[in-house]
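# Understanding the architecture of this molecule
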Amino acid sequence: MGLAVSGGADSMALLALAHDLMDDMIEVATVDHGLRPEAAEECALVERVCRARGITCSILTVHVAEGNVQDRARAARYAALGEWAAERKLAAIATAHHADDQAETLLMRLNRGSGLAGLAGIRSYTIMEGCPVPIIRPLLGFRKAELRQIVANLDLPFVEDPSNRDASFDRVRIRRELERADWIDPLALAQSAAHLEEADNTLQSIADQLWDSKASLGDGRITVPVTNWQDTSARLLTRAIEALGSSVTHGDIIGFLKTFSKRGNIAGVLIEQMEDVYVCTPEPPRRSG
């Protein structure tokens, strides 16, 4: 098992709990994004704690491309962790996301009008693009305060990420509002997200079964069944578009289907409804002149 440990209190609690449970069956990786001068010392702190416990630890250095810093850093981090885990032949990577993180994520996505997949929040188990091994989040049932208490009881060192106090991030503003609203129970919100994850997984399983039994894949041509459920049709079309080498969000496909009438283009793919199937082919080149 691989652990992604940042040096924060939550990550240190994950390290301690996993070590107590699995002993020498774990390895640790800590990522230096190169975005803050303190990052190298924070990684060194993780390495020292691992050395004291006899845990193998790797420091991964990544380059974060320009653009949305948080999104690009996240993509670079998981790509590096996935490569590390694959090289070490580790079955999965565990991260220290907890119930408070889940509550913040759910509220952020509610505020953005997200669909079911988004409202499922931080997945307990997921496969991420660019990461060849599964990501698991075993601490989603723990409150942040509980994890900090574990670290305090064990007298483990940890660091505070200054971005956790930067109010320019939506998550930090949501966190502050949650702290003020003591009538909101983050554990209950996290449980709701878990129910939504289960519902989303069920719908995806239905779509996967239809794909396996009724999708037809040819040379540059894919057909999938027309269904009575827009969500299922959208999942099938999303998979077909991806199989043709393009990408599209579930929400974009839902919007496309709401105005679709027998023929239309999305994400470089031509979709035509013929009786009880959608025929998906690469969009033909546009005529010029």
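Only a predicted model underlies this, so the values are computations on that prediction, with no experimental measurement involved. (Residues numbered from 1 in each chain as written. Predicted model: local features only at pLDDT ≥ 70, side-chain atom pairs only at ≥ 80, totals over all residues. Heavy atoms only, no water.)

### Describing the environment of Arg180
The residue Arg180 is located in helix α7 (residues 170-180) in this model. Arg180 sits in the exposed class, given a relative accessible area of 59%. C-alpha separation for the pair Arg180 and Leu15, spaced 165 residues apart in sequence, amounts to 30 Å. A distance of 2.6 Å separates the side chain of Arg180 from the side chain of Glu177, its partner in a polar contact. (Helix = DSSP H or I, 4+ residues; strand = E, 2+ residues; numbered from the N terminus. Buried < 20%, exposed > 50% of the residue type's maximum accessible area, 1.4 Å probe, protein only. Polar contact = N/O pair within 3.5 Å; in protein donor to acceptor, adjacent residues only side chain to side chain.)

### Section: the pairing of strand β2 (residues 27-32)
Of all 6 residues in β2, 6 are buried; the element is thus mostly enclosed. Of the two faces of β2, both are covered, the one formed by Glu27, Ala29 and Val31 as well as the one formed by Val28, Thr30 and Asp32. Pairing of strand β1 (residues 2-4) with β2 involves 3 bridges; the strand directions are parallel. Bridging from a neighbouring strand, Ala4 pairs with Ala29 of β2. Tracing the backbone out of β1, into helix α1 (residues 9-22) and back to the parallel element β2 gives a crossover that is right-handed. Crossover handedness for the path β2 to helix α2 (residues 39-53) to strand β3 (residues 57-61): right-handed. (Pairing = 2+ DSSP bridges. Right-handed = clockwise from strand over helix to strand, strands pointing away.)

### Concerning the packing of helix α4 (residues 99-111) against helix α8 (residues 186-214)
Across the interface, α4 lies against α8 with an axial gap of 8 Å and an inter-helix angle of 70 degrees. Between α4 and α8, the angle falls in the class roughly perpendicular. Seen along the crossing, α4 lies across α8 with a hand that is left-handed. Residues Ala99, Asp100, Gln102, Ala103, Leu106 and Leu107 of α4 pack against Pro186, Leu187, Leu189, Ala190, Ser192, Ala193 and Leu196 of α8. Here the residues of the contact of α4 with α8 are counted per class, giving 10 nonpolar, 2 polar and 1 charged. (Axes fitted to C-alpha atoms, helices over the stretch in contact; angles between N-to-C directions. Parallel < 35°, antiparallel > 145°, perpendicular 65-115°, else oblique. Left-handed = near helix turned anticlockwise from the far one by under 90°. Contact = heavy atoms within 4.5 Å. Nonpolar A, V, L, I, M, F, W, Y, C, P; charged D, E, K, R; others polar.)

### Quick notes on the nonpolar core
One finds Leu3, Val5, Met12, Leu15, Val28, Val46 and Cys50 to be the most contacted residues of the largest nonpolar core, which totals 25 residues. Secondary-structure elements contributing two or more residues to this core are α1, α2 and α6 (144-154). Looking at which element gives the most residues to this core, the answer is α1, with 7 residues. (Core = buried A, V, L, I, M, F, W, Y, C linked by side-chain atoms within 4.5 Å.)

### Some remarks on the packing of aromatic side chains
If you walk through the whole model with that rule in mind, you get 2 aromatic pairs. Ring geometry for Phe260 and Tyr278: centres 5.9 Å apart, planes at 70 degrees, overall edge-to-face. Taken together, the residues Phe260 in the loop between α10 (250-259) and β9 (263-266) and Tyr278 in strand β11 (residues 277-282) connect sequence positions 18 residues apart. Judged by its relative accessible area of 15%, Phe260 falls in the buried class. Three or more aromatic residues link up through ring pairs in this structure, and these residues are Phe256, Phe260 and Tyr278. (Phe/Tyr/Trp six-rings, centres within 6.5 Å; stacked < 30°, edge-to-face > 60°.)

### Quick word on the pattern of salt bridges
Evaluated as defined, the whole model comprises 18 salt bridges. The shortest N-O distance in the salt bridge between Arg88 and Glu27 comes to 2.8 Å. On the criterion of sequence distance, the pair formed by Arg88 in the loop between α3 (69-87) and β4 (93-94) and Glu27 in strand β2 is long-range, its members being 61 residues apart. Where Asp208 meets Arg239, a salt bridge forms, and the shortest distance between an N and an O atom there is 3.3 Å. Placement of the pair is Asp208 in helix α8 and Arg239 in helix α9 (residues 230-243), with a sequence separation of 31 residues. What makes Arg239 partly exposed here is its relative accessible area of 32%. If you follow the salt bridges from partner to partner, you end up with Arg123, Asp200, Asp231 and Arg235 in one network. (Salt bridge = Lys/Arg side-chain N within 4 Å of Asp/Glu carboxyl O.)

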